[in-house]
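Architecture and fold: a report
Each chain is listed here by its residues.
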Amino acid sequence: MDAACMRLVTDPAAFDVLLLENLYGDIVSDLCAGLVGGLGVVPGANYGDRGAIFEAVHGTAPDIAGKGLANPIAAVLSGSMMLDYLGVGRAGERIRSAVAKVLRSGHSLTGDLGGTATTSQMTAAIISAL
């Protein structure tokens, strides 16, 4: 596990797919989130034979719940992945484009991305970009 994590940090392109048990998957997903901007921007999906579950990789973040500090992007992008899964890919793409527009603008970003926006303000910016 140590060697895999080190390799992920030094050469992430060396991996196409990682299949891990729950504990190691949680550790590695958190590590990889750090490579792309942090836990607040990483959507998650668990696919089964008869269904799927979509959620932010960070889970519910109870330590900051209700404080307006959470970055909504992970949850929003998880929703866009769900739309793709349900066959409504055009709507999922529109959401991803709106998120990208907000990120490129550099405005209405939450603290984890260097901004001062609250969760509600960033969510409103994404909705406006739709």
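This section reports on the structure supplied with the text. (Residues numbered from 1 in each chain as written. Predicted model: local features only at pLDDT ≥ 70, side-chain atom pairs only at ≥ 80, totals over all residues. Heavy atoms only, no water.)

When its secondary structure is counted, the protein shows 5 helices and 2 strands. Against the compact-globule benchmark of 14 Å for 130 residues, the protein has a radius of gyration of 15 Å, which places it among compact chains. For the protein, the spread of C-alpha atoms along the principal axes amounts to about 40 × 35 × 30 Å. Looking at the protein residue by residue over its 130 residues, the buried ones come to 23%. Looking at the protein alone, contacts between residues at least 24 apart form 46% of all its contacts between residues at least 6 apart. Per element, the accessible surface of the protein, about 8200 Å² overall, is 58% carbon and sulfur. Placing the 8 positive and 12 negative side-chain charges of the protein at their respective mean positions leaves the two points 14 Å apart. (Helix = DSSP H or I, 4+ residues; strand = E, 2+ residues; numbered from the N terminus. Rg over C-alpha atoms; globule rule 2.2 N^0.38 Å. Buried < 20%, exposed > 50% of the residue type's maximum accessible area, 1.4 Å probe, protein only. Contact = heavy atoms within 4.5 Å. Areas by Shrake-Rupley, 256 points an atom, 1.4 Å probe, with all protein chains shown as cover. Lys, Arg positive; Asp, Glu negative; His and termini not counted. Charge placed at Lys NZ, Arg CZ, Asp CG, Glu CD.)

Side chains of Met-1, Leu-18, Leu-20, Leu-23, Tyr-24 and Ile-27 sit close together on the surface and give an oily, nonpolar patch of about 520 Å² of accessible area. Among the secondary structure elements, Leu-18 is positioned in the loop between helix H1 (2-10) and helix H2 (22-35). (Patch = residues over 30% accessible without salt bridge, like charges linked within 9 Å, V, L, I, M, F, W, Y side chains within 5 Å. Salt bridge = Lys/Arg side-chain N within 4 Å of Asp/Glu carboxyl O.)

Packing of H1 against H2 brings their axes to within 10 Å, and their N-to-C directions diverge by 15°. Judged by the inter-axis angle, H1 sits roughly parallel to H2. In this structure, H1 crosses over H2, and the sense of that crossing is right-handed. For the pair formed by H1 and H2, the contact residues are Cys-5, Leu-8 and Val-9 on the first element and Ile-27, Val-28, Leu-31, Cys-32 and Leu-35 on the second. Looking at the contact of H1 with H2, its residues break down into 8 nonpolar, no polar and no charged. (Axes fitted to C-alpha atoms, helices over the stretch in contact; angles between N-to-C directions. Parallel < 35°, antiparallel > 145°, perpendicular 65-115°, else oblique. Left-handed = near helix turned anticlockwise from the far one by under 90°. Nonpolar A, V, L, I, M, F, W, Y, C, P; charged D, E, K, R; others polar.)

Next up on the list: the packing of helix H4 (residues 89-105) against helix H5 (residues 119-129). Axis separation between H4 and H5 bottoms out at 8 Å; the angle between their running directions is 120°. Comparing the axis directions of H4 and H5 gives the class oblique. Here the hand of the crossing between H4 and H5 comes out right-handed. In contact with Ala-98, Val-99, Lys-101, Val-102 and Leu-103 of H4, H5 contributes Met-122, Ala-125, Ile-126 and Ala-129. Taken together, the residues of the contact of H4 with H5 break down into 8 nonpolar, no polar and 1 charged.

Quick look at the pattern of salt bridges now. By the definition in use, this model includes 3 salt bridges. In this structure, the salt-bridge partner of Arg-96 is Glu-93, at a minimum N-O distance of 3.4 Å. Highlighted residues: Arg-96 and Glu-93, both in helix H4, separated by 3 residues, approximately one helical turn. A single salt-bridge network, built from bridges that share partners, covers Asp-84, Glu-93 and Arg-96.

Quick look at the environment of Thr-118 now. Looking at the secondary structure, you find Thr-118 in the loop between H4 and H5. Along the primary structure Thr-118 and Gly-68 are separated by 50 residues, whereas in three dimensions their C-alpha atoms are 4.9 Å apart. The contact partners of Thr-118, leaving out residues within four places of it in the chain, are Gly-68 and Thr-110.

Our next topic: the environment of Ile-27. Among the structural elements, Ile-27 can be located in helix H2. Given a relative accessible area of 38%, Ile-27 falls into the partly exposed group. Sequence-wise, Ile-27 and Cys-5 are 22 residues apart; in three dimensions their C-alpha atoms are separated by 8.9 Å. Contacts of Ile-27, omitting those with residues within four sequence positions, involve Met-1 and Cys-5.

Scope: geometric values only; no functional claims are made or implied.
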